[in-house]
Amino acid sequence: MKMSIREAINLTLHEEMARDSRVIVMGEDVASGQGGVYGITAGLPEKFGVARVIDTPITESAIVGAAGGAALTGLRPVAELMFVDFLGVCLDQLLNQIAKFRYMFGGQARTPVVIRTMIGAGEGTGPQHSQILYPMLAAIPGIKVVAPSNAADAKGLLAEAIRQDDPVVFCEHKALYMTECDVPEGDYVIPFGRARTVVEGSDITLCGLSRMAVLAAEAAAQLAADGISAEVIDPRTLSPLDEQGILDSVAKTGRLVVVDESNPLCSMASEIAAAVAEFGFDYLDAPIQRVTAPHTPVPATPCLEKEYVPSVSDIVEAAKKALDY
Amino acid sequence: MYRNQEAIAVGACLDMTSDDYIASTHRGHGHCIAKGCELEGMMLELACKEDGLCNGKGGSMHIADMSKGMLGANAIVGGGPPIAAGAALTAKTLGTGGVSMAFIGDGASDQGTVAEALNLAVVLELPMIFMYENNFYAEFTRNPKPEGRIAERAGSFGMPSVVVDGSDFFAVHRACREAIERGRSGGGPTAIEAVSARYYGHFEGDPQAYRDEAELREQREAGDPLPRFLADERASVLDAARVADIDAEIFAELDRTVELALAAADPTPDKLYTDVYVSYEGRAMQ
Ligand SMILES: Cc1ncc(C[n+]2csc(CCOP(=O)(O)OP(=O)(O)O)c2C)c(N)n1
Ligand SMILES: [Mg+2]
């Protein structure tokens, strides 16, 4: 069935709450109003009651921490951190508490908590509401990080996130909510750590994360018009990362462009480039190209924000550079 | 955006100078004007233009003017109070006699950062005012706390706290004058809960379906601070003609600055790389 990412997430929350009574949803405005600004949790309170769809005060430390504590003791909370930027408010609960439980307690504890959060620029909302930050999260052992780029992946990965037993941060790019695709009906679960081949090709690999997978596919279409066959790979989960899937593609194409909307230092683009340089050196016919945002905060003004976010033409240019090497 | 809460910012900032500080919120436009930010720079920033107060990089939720002691609107709910505490520490350490005020929504009042700032202000005896704006809503969620609970909570940290009618300019001003004097004379922090009603929805086009229509209508009318101000005998120096003149003057200035802002230049692309600690522009990294 054709649906948007927004609808797929809403549907999956409905399905998982119906399937398992231990699943609860909590966060700011998840029950009130229209299910948040984007209506992601719309209909849940009517269906499952406000005891399981819980409006919280504006207290991110308590939201994330309590979701972790509830997960530690038998519930399977899906907590909403409205924007990933608010990680700044609640980082201790995630970094020093939730992420550590399983290991630090010698394997006795599991923490099946999902933290859904919005990422990304494109809405002109400025430095404190537009960041990506997933590289920071992926750098923390003890947290899994997921960033779907289409509705089918959103459904399958969210179902897996809720059903598996470890903490997951589920990153939803706000500029992708309305993008539609066919979504399998019924039970649909995607295991973590498997990249998806978005477009098959043989001349160059474009590896795009989150929204950048969509832009990479557009770049591939433009390159095709020039007779270049680009393969587009979406890792889908950043931790665990499907290094093998990316390497397999590079083995075939010999060239790699990694596209990441985050800042370049210590980014996922750097991580993927390092992995391919280390394990796929023999495959490479050209230097790996990283296309990222610049090393600056996200400016509010739309004209600079447009410069900030990697564009299709940036990707095409990087691909041509690798091909012309 | 700030409609019907104007008496709070005006009453709060009237006795402050540019050497006093405020830390604002996401609902900051009124605070900016009351603290003396030039309308022109503000409008240009709202329109994200090159010559805006923050060169268009901050936009609506981050308007700041250091020269006026306006330490920034803030898109992080609860982000301001610790910053304001730091500014109060500067005033105290340097002995400037300045005070610092944090504006805090009813929703923000729950944030841990606010509790930590309250405690710090008491422990360090800071010249600080916690100016709560209780409009009973946080986005689409009604604040379940009864009126006065916020002031009570702040008071429990060990500082004087009062509840005032946020639509009554004179009441707000009296409370703030006392708090500012207390701060300037070394008497430490004060908390003020100003009660008002949010006029518009949380975002442009929010139909506010979650609010009772009759109640909202009633609150909109009763909450307008201007008729109440004008009806007060202390405002009697202003006759109707003078009020009309002031209105005309303000509307003309608003029209002028809005027009100017809309026509102003966008920042040039190279501005993306200015005001960073390390510029990677043109380097391999970039
Ligand atoms: C840390 C953080 N959490 C959540 C939000 C999203 N948010 C923006 S405004 C708002 C409501 C704030 O309510 P209140 O403090 O009462 O201020 P009001 O809007 O009523 O002036 C929320 C939850 C945010 N910007 N920052
Ligand atoms: Mg409020």
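Since the structure is predicted, the reported quantities are computational estimates derived from the model, not experimental observations.

## Remarks on the overall build of chain A
Next, step 1: A tally of regular secondary structure across chain A gives twelve helices and 14 strands.
Next, step 2: Its C-alpha atoms put chain A at 60 × 45 × 40 Å along the principal axes.
Next, step 3: Split into buried and exposed, the 325 residues of chain A put 60% on the buried side.
Next, step 4: Of the accessible surface of chain A, which amounts to about 11900 Å², a share of 53% is contributed by carbon and sulfur atoms.
Next, step 5: In chain A, 25 positive and 42 negative side-chain charges are present, and the distance between their average locations comes to 4 Å.

## What to know about the packing of aromatic side chains
Residues and elements named next belong to chain B.
Next, step 1: Per the stated rule, a full pass over the model turns up ten aromatic pairs over all chains.
Next, step 2: With a centroid separation of 5.1 Å and an interplanar angle of 75 degrees, the aromatic rings of Phe-169 and Phe-170 are classed as edge-to-face. A single burial state applies to Phe-169 and to Phe-170, both of which are buried.
Next, step 3: Through a chain of ring-to-ring contacts, three or more aromatic side chains come together here, namely Tyr-137, Phe-140, Phe-203 and Tyr-210.
Next, step 4: Positioned above the aromatic ring of Tyr-199 is the side chain of Arg-220, whose terminal nitrogen or guanidinium carbon lies 4.1 Å from the ring centre.
Next, step 5: Against the face of Phe-170 rests Arg-234, its NZ or CZ located 4.1 Å from the ring centre.

## Here's the deal with a nonpolar patch on the surface
Next, step 1: On the surface, a cluster of nonpolar side chains totalling about 310 Å² of accessible area is made up of Leu89(B), Leu120(B), Val123(B) and Leu124(B).
Next, step 2: One can find Leu124(B) in the loop between helix 5 (112-123) and strand 3 (128-134).

## Topic: helix 10 (residues 268-279) of chain A
All names here are of chain A.
Next, step 1: Here helix 10 spans 16 Å end to end across twelve residues, near enough to the 16 Å set by a 1.5 Å rise per residue.
Next, step 2: All of the buried residues in helix 10 are Met-268, Ala-269, Ser-270, Ile-272, Ala-273, Ala-275 and Val-276.
Next, step 3: Looking at the buried residues of helix 10, the elements they touch are helix 6 (134-138), strand 10 (204-208), strand 12 (237-239), helix 9 (243-253), strand 13 (256-260) and strand 14 (289-292).
Next, step 4: A side-chain oxygen of the first residue of helix 10 lies 3.3 Å from the backbone nitrogen of Ala-269; this N-cap is Ser-267.

## Quick word on the site of ligand 1
Next, step 1: The immediate surroundings of ligand 1 are formed by 22 residues, with Glu60(A), His26(B), Arg27(B), Ala75(B) and Tyr137(B) found nearest.
Next, step 2: Here Arg27(B) contributes a side-chain N or O atom positioned 2.6 Å from an oxygen atom of ligand 1.
Next, step 3: One of the side-chain N or O atoms of Asp106(B) is found 3.0 Å from an oxygen atom in ligand 1.
Next, step 4: Partitioned by chemical class, the residues of the shell around ligand 1 number ten nonpolar, seven polar and five charged.

## Structural notes on the nonpolar core
Residue and element names in this part refer to chain A.
Next, step 1: Within the largest apolar cluster, 81 residues are counted, with the highest numbers of intra-cluster contacts made by Ile-9, Leu-13, Leu-94, Tyr-134 and Ile-272.
Next, step 2: With seven residues, helix 7 (residues 151-163) is the largest single contributor of residues to this core.
Next, step 3: Counting only domains with at least three residues in this core, you end up with domain 1 (2-182) and domain 2 (196-324).
Next, step 4: One finds Val-257, Val-259, Val-298 and Leu-304 within the second-largest nonpolar core, a separate group that totals 28 residues.

## Focus on the side chain of Glu133(B)
Residue and element names in this part refer to chain B.
Next, step 1: Examined against the element boundaries, Glu-133 turns out to sit in strand 3.
Next, step 2: Of the side chains with opposite charge, Arg-27 comes closest to the buried, unpaired Glu-133, at an N-O distance of 7.0 Å.
Next, step 3: Ignoring sequence-local partners within four residues, the contact set of Glu-133 consists of Tyr-2, Gln-5, Ile-8, His-31, Phe-103, Ile-104, Gly-105, Asp-106 and Ala-194.

## Section: the coordination of the magnesium ion (ligand 2)
Residues and elements named next belong to chain B.
Next, step 1: Taken together, Asp-106 (OD), Asn-135 (OD1) and Tyr-137 (O) make up the full set of protein donors to the magnesium ion (ligand 2), lying 2.0 to 2.1 Å away.
Next, step 2: Going along the chain, you hit the donors of the magnesium ion (ligand 2) in the pattern D-x28-N-x1-Y. Placement of the pair is Asp-106 in the loop between strand 2 (100-105) and helix 5 and Asn-135 in the loop between strand 3 and strand 4 (137-138), with a sequence separation of 29 residues. Neither Asp-106 nor Asn-135 differs from the other in exposure class; each is buried.

## Points about the sheet that holds strand 10 of chain A
Residues and elements named next belong to chain A.
Next, step 1: Pairing within the open sheet is mixed, and its five strands lie in the order 9-11-10-13-14. The sheet terminates laterally at strand 9 (196-199) and strand 14, the two strands that pair on one side only. Pairs of neighbouring strands in the sheet enclose a mean axial angle of 25 degrees, with direction left out of account.
Next, step 2: Its contacts with the sheet place helix 12 (residues 312-324) against strand 10, strand 13 and strand 14, and it is angled at close to 170 degrees to strand 14.

## Some remarks on the domain arrangement of chain A
Residues and elements named next belong to chain A.
Next, step 1: What the domain assignment lists for chain A is domain 1 (2-182) and domain 2 (196-324).
Next, step 2: Relative to domain 2, the C-alpha centre of domain 1 lies at a distance of 26 Å.
Next, step 3: Contacts between the two partners involve 27 residues from domain 1, matched on the other side by 24 residues from domain 2.
Next, step 4: Contact between domain 1 and domain 2 buries roughly 2000 Å² in total, counting both sides, with carbon and sulfur atoms accounting for 59%.
Next, step 5: The tally of links between domain 1 and domain 2 comes to two salt bridges.
Next, step 6: For the salt bridge of Arg-236 with Asp-153, the shortest nitrogen-to-oxygen distance reads 2.9 Å.
Next, step 7: For the pair domain 1 and domain 2, the interface holds 13 residue pairs in polar contact (both at pLDDT 80 or more).
Next, step 8: If you list the elements that add at least two residues to the side of domain 1 that touches domain 2, you get helix 6, strand 6 (144-146) and helix 7.

Calculation rules
- Residues numbered from 1 in each chain as written.
- Chains lettered and ligands numbered in written order.
- Predicted model: local features only at pLDDT ≥ 70, side-chain atom pairs only at ≥ 80, totals over all residues.
- Heavy atoms only, no water.
- Helix = DSSP H or I, 4+ residues; strand = E, 2+ residues; numbered from the N terminus.
- Buried < 20%, exposed > 50% of the residue type's maximum accessible area, 1.4 Å probe, protein only.
- Areas by Shrake-Rupley, 256 points an atom, 1.4 Å probe, with all protein chains shown as cover.
- Lys, Arg positive; Asp, Glu negative; His and termini not counted.
- Charge placed at Lys NZ, Arg CZ, Asp CG, Glu CD.
- Phe/Tyr/Trp six-rings, centres within 6.5 Å; stacked < 30°, edge-to-face > 60°.
- Lys NZ or Arg CZ within 6 Å of the ring centre and 35° of its normal.
- Patch = residues over 30% accessible without salt bridge, like charges linked within 9 Å, V, L, I, M, F, W, Y side chains within 5 Å.
- Salt bridge = Lys/Arg side-chain N within 4 Å of Asp/Glu carboxyl O.
- Expected span 1.5 Å × (residues − 1).
- Contact = heavy atoms within 4.5 Å.
- Polar contact = N/O pair within 3.5 Å; in protein donor to acceptor, adjacent residues only side chain to side chain.
- Near = heavy atom within 4 Å.
- Nonpolar A, V, L, I, M, F, W, Y, C, P; charged D, E, K, R; others polar.
- Core = buried A, V, L, I, M, F, W, Y, C linked by side-chain atoms within 4.5 Å.
- Domains from an automatic or database assignment.
- Donors = N, O, S within 2.8 Å, 3.2 Å for Na, K, Ca; no water.
- Pairing = 2+ DSSP bridges.
- Axes fitted to C-alpha atoms, helices over the stretch in contact; angles between N-to-C directions.
- Buried area = accessible area lost by both parts, 1.4 Å probe.

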